[in-house]
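# Results of the structural survey
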Amino acid sequence: MKHKFRIAAGAVAVAAAALTSLWANAHGNVVPQAVDTTGLPALGDKWREENPYRTNKLALKIGASAYGQNCARCHGLEAVSGGIAPDLRLLDRDCTGIKNEKKDACYKEIDNYFLTSIRHGKVRNGAVYMPPFEGVFNQEAMWAIKTYLESRRAAD
Ligand code: HEC
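Keep in mind that what you see is a predicted model, and the values were worked out from it rather than measured.

Reading the values: the criteria
- Residues numbered from 1 in each chain as written.
- Predicted model: local features only at pLDDT ≥ 70, side-chain atom pairs only at ≥ 80, totals over all residues.
- Heavy atoms only, no water.
- Near = heavy atom within 4 Å.
- Polar contact = N/O pair within 3.5 Å; in protein donor to acceptor, adjacent residues only side chain to side chain.
- Helix = DSSP H or I, 4+ residues; strand = E, 2+ residues; numbered from the N terminus.
- Nonpolar A, V, L, I, M, F, W, Y, C, P; charged D, E, K, R; others polar.
- Donors = N, O, S within 2.8 Å, 3.2 Å for Na, K, Ca; no water.
- Tetrahedral: all angles 85-135°; square planar, octahedral: opposite > 155°, others 65-115°.
- Buried < 20%, exposed > 50% of the residue type's maximum accessible area, 1.4 Å probe, protein only.
- Expected span 1.5 Å × (residues − 1).
- Arc of directions from axis to C-beta.
- Contact = heavy atoms within 4.5 Å.
- Phe/Tyr/Trp six-rings, centres within 6.5 Å; stacked < 30°, edge-to-face > 60°.
- Lys NZ or Arg CZ within 6 Å of the ring centre and 35° of its normal.

### Some words on the site of the ligand
Contacts to the ligand come from 24 residues, most closely from C71, C74, H75, Y113 and M130. Within the side chain of H75, a nitrogen or oxygen atom sits 2.8 Å from a nitrogen atom of the ligand. Measuring from an oxygen atom of the ligand, one finds a side-chain N or O atom of R124 at 2.8 Å. When contributions to the shell around the ligand are tallied by element, the ones reaching two or more residues are α1 (12-27), α3 (72-75), α4 (100-120), β1 (122-124) and β2 (127-130). A per-element tally of the shell around the ligand places α4 first, with 4 residues. Residues belonging to the shell around the ligand are distributed by class as follows: 17 nonpolar, 3 polar and 4 charged.

Shown next, in the form of structure tokens:
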């Protein structure tokens, strides 16, 4: 299944360009959209290990819009995957059913995985499954998107 997305071109840049034009043809606008995070508590240069905005309503709003503009074309509208990329409502599913501190530790681990995934994208053997978002938007925007995804979580 995953290999369906493999792109033959060797260079990452070429693969990225190919993927971009593929999506441009299929789904219209694919230029990554800047995310305005004005109003969110600033996070500074150090990468957080945990979502600092879990209950922040503005983060939820900013994240919903940022998700729609940057992620939905692959991961599906409102995080409901059409099968092209993983369903991000299920990102936390391994934490379901875990109790107390262990549950918090589990969410923290998923937060880390999420941040790594969007900072670096998903690139293996020169094939770009997902482009990196580091440098496209800031850490504040990344966690705002996570806050939105938590609101779309399949189960708690
Ligand atoms: C060009 C299509 C594309 C775009 C745009 C995209 N992704 Fe992905 N994403 C993928 C694919 C494909 C995978 C699975 C990669 C793999 O097989 O390793 C993935 C994997 C992930 C994962 C890991 C999921 C898991 O269950 O392991 C996360 C988290 C993620 N994406 C978040 C995002 C977010 C947030 C955005 C928007 C900022 C985004 N992605 C934009 C295609 C995309």
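### Quick notes on the coordination of the iron atom of the ligand
Distances from the iron atom of the ligand to its protein donors, H75 (NE2) and M130 (SD), fall within 2.0 to 2.2 Å. One way to put it: the 6 donor atoms around the iron atom of the ligand meet at angles of 83 to 179 degrees, and that makes the site octahedral. With a gap of 55 residues between them, H75 in helix α3 and M130 in strand β2 connect regions that are remote in the sequence. A relative accessible area of 14% places M130 in the buried class.

### Quick notes on helix α2 (residues 57-70)
Residues spaced three or four apart along an α-helix face the same direction, because each turn holds 3.6 residues. Between the first and last C-alpha of α2 there are 20 Å, a value that for 14 residues agrees with the 20 Å anticipated at 1.5 Å per step. Among all positions of α2, only A59, I62, G63, A66, Y67 and N70 are buried. The arc that holds every buried residue of α2, seen down its axis, measures 135 degrees, which confines them to one face. Facing away from the buried side of α2, by more than 90 degrees, are the exposed residues K57 and K61. The secondary structure elements touched by the buried residues of α2 are α3 and α5 (139-151). Two or three places before L58, at the opening of α2, N56 has a side-chain oxygen 2.9 Å from that residue's backbone nitrogen.

### Thoughts on the packing of aromatic side chains
Two measures describe an aromatic ring pair: the distance that separates the ring centres and the angle between the ring planes. This structure, assessed with the given rule, holds 3 aromatic pairs. For the ring pair Y67 and Y148, a centre distance of 5.4 Å and an interplane angle of 40 degrees mean the geometry is tilted. Placement of the pair is Y67 in helix α2 and Y148 in helix α5, with a sequence separation of 81 residues. Taking relative accessible area as the criterion, Y67 reaches 1% and is therefore assigned buried. Residue Y148 is classed as buried on the basis of its relative accessible area of 9%. A ring pair is formed by F133 and F137, whose centres lie 5.3 Å apart and whose planes are at 15 degrees; its orientation type is stacked. Above the plane of the ring of Y129 lies R124, whose end atom (NZ or CZ) is 4.3 Å from the centre.

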